[in-house]
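# What the coordinates show
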Amino acid sequence: MAMADPPRAWNPNYGVVGSGDRRLAYSRQPSFSSFSPRPPGPGLARSDSSISMPVPLPLTQPAKADVRYRWLATRPMRRLALLLALNTAYSAVELAVGLLTGRVGLVSDAFHLTFGCGLLSFSLFAMAAARTKPDSTYTYGYKRLEVLAAFTNADESEHKHYLIVSAVTNLLVNLLGVWFFRSYARVNIVYRKAEDMNHHSICLHVLADSVRSAGLILASWFLSLGIENAEVLCLGIVSVAVFMLVMPLFKATGNVLLQIAPGNVPPSAFIKCGRQITACEDVCEVSQARFWELVPGHAVGCLSIRVKNSSDDQSVLEYVHGLYEDLGIHDLTIQTKKS
């Protein structure tokens, strides 16, 4: 009677011991902890790429049940919370007055302001959630929530105020919000991290509302002077101005969410790196090179390299990592295959 082969031991770094499978992926990724000392050298790690085996992850449980968000931990969060409180109180008063007086316009404007408060609330939630550590579900963390919040703030719908008093009050509240985030009161900004994108979207959100309110006030003044169709003209100009304000942010957030190549690295640089790797004596082929931005300031990449059987994988990997690190790709995964 034939004896069954004993089960092979599992090595979390190298797969099945004695399996003979040499198709291993090498990756170097930054540590999520800023307090742990970084080991010398490139810090290469191996992970199985050809067979499906459970690899234990030293990560925490999903943070969706984590209630340790510190909602007022930073000054921008406190300022946004204050702005939200003012807008919520204003929309509640406007809704009550509209219902009591039977003015449908006030009720409609109150609901629109409530929708705007929802967008700003999502931005506040993104600020808090982005401070949470990665877990087994969101292995890259929650930083991209700030990009998503910026994308939603850049896509707010158009509306108008129905009373001059409402327009003036809304203008004053939003000007306070613009002052809170005045350092981001520009159309084009170089985003160095995800929170820059989120803070810029908040500033543009309240700035666009301020422009709309100012446009209606100006239209009311023109109408009092007897200028016909002043409201249509002013609201048309306001719509164009708001579109020009949010379009750069809308494009930047869309590029990150669509995972295009990092905009700060020219395509010719990636092509040059590929040629330099292929020119190595131990490398036979480079394929499946993909690079994208996880969030602003954090570029991610992966590629597959076919090397000669007699080659030294370590030296090849050090050379490749050095090339892409010079381009700003610090989170790079490399899969090597023997020819």
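Treat the numbers as computed from the prediction; the structure is a model and nothing was measured.

Conventions we followed
Residues numbered from 1 in each chain as written. Predicted model: local features only at pLDDT ≥ 70, side-chain atom pairs only at ≥ 80, totals over all residues. Heavy atoms only, no water. 1 Å grid on protein atoms, 1.4 Å probe; cavity = no way out; pocket = protein on both sides within 12 Å on 5 of 7 lines; lining within 4 Å. Points joined across faces, edges and corners; volume = space filled by probe spheres on them. Helix = DSSP H or I, 4+ residues; strand = E, 2+ residues; numbered from the N terminus. Nonpolar A, V, L, I, M, F, W, Y, C, P; charged D, E, K, R; others polar. Axes fitted to C-alpha atoms, helices over the stretch in contact; angles between N-to-C directions. Parallel < 35°, antiparallel > 145°, perpendicular 65-115°, else oblique. Left-handed = near helix turned anticlockwise from the far one by under 90°. Contact = heavy atoms within 4.5 Å. pLDDT = per-residue confidence, 0-100. Salt bridge = Lys/Arg side-chain N within 4 Å of Asp/Glu carboxyl O. Buried < 20%, exposed > 50% of the residue type's maximum accessible area, 1.4 Å probe, protein only.

### Some words on empty space enclosed by the protein
Per the counting criterion, the structure on display carries 2 cavities of 30 Å³ or more. When its volume is computed, the largest cavity comes out at roughly 60 Å³. Lining of the largest cavity is provided by 10 residues; of these, Asn 87, Leu 113, Gly 116, His 205 and Asp 209 occupy positions nearest its centre. At the level of secondary structure, the elements contributing two or more residues to the lining of the largest cavity comprise α2 (104–129) and α5 (194–224). The element contributing the most residues to the lining of the largest cavity is α2, with 5 residues. Partitioned by chemical class, the residues of the lining of the largest cavity number 3 nonpolar, 5 polar and 2 charged.

### Section: the packing of helix α3 (residues 144–153) against α5
Helix-helix packing is described using two parameters, namely the angle between the two axes and the distance between the axes. Where α3 meets α5, the closest approach of the two axes is 8 Å, and the angle between their N-to-C directions is 20°. The angle between the axes of α3 and α5 places the two elements in the roughly parallel class. Two packed elements cross with a definite hand, and for α3 against α5 that hand is left-handed. Touching Glu 146, Val 147, Ala 149, Ala 150 and Asn 153 of α3 are Ala 194, Glu 195, Met 197, Asn 198, Ser 201, Ile 202 and His 205, all from α5.

### Observations concerning the confidence of the model for the protein
Of the residues in the protein, 77% reach a pLDDT of 70 or more, and the chain-wide mean stands at 79. Mean pLDDT per element in the protein: strand β4 (residues 45–48) is the minimum at 38, and strand β6 (residues 298–307) is the maximum at 93. The model gives residues 1–69 a pLDDT under 50, and that stretch makes 100 contacts with residues more than four places away or in other chains.

### Observations concerning the pattern of salt bridges
Charged atoms that come close allow side chains of opposite charge to pair. Scanning the model with the defined rule gives 4 salt bridges in all. A salt bridge links Glu 195 to Lys 193; the nearest nitrogen and oxygen atoms lie 3.1 Å apart. Note on Glu 195: relative accessible area 26%, which makes it partly exposed. Salt-bridge contacts for Asp 313 lead to Lys 338; the nearest nitrogen and oxygen are separated by 3.0 Å. With Asp 313 in helix α8 (residues 313–326) and Lys 338 in strand β7 (residues 331–338), the pair connects residues that are 25 residues apart, well separated along the chain.

### Regarding unusual backbone geometry
A positive phi angle, near 60°, is found at Asn 229, a position not held by glycine. Looking at the secondary structure, you find Asn 229 in the loop between α5 and α6 (230–257). Its identity as a non-glycine residue notwithstanding, Gln 259 has a phi of 60°, on the positive side. Position of Gln 259 relative to the elements: it lies in the loop between α6 and α7 (267–278). Judged by its relative accessible area of 41%, Gln 259 falls in the partly exposed class.

### Quick word on the packing of α7 against α8
With their axes 10 Å apart at the nearest point, α7 and α8 run at an angle of 165° to one another. When the axis of α7 is compared with that of α8, the two are roughly antiparallel. Crossing hand, α7 versus α8: right-handed. Of the residues in α8, those in contact with Phe 270, Cys 273, Gly 274, Gln 276 and Ile 277 of α7 are Tyr 319, Val 320, Leu 323 and Tyr 324. The residue makeup of the contact of α7 with α8, split by class, is 7 nonpolar, 2 polar and no charged.

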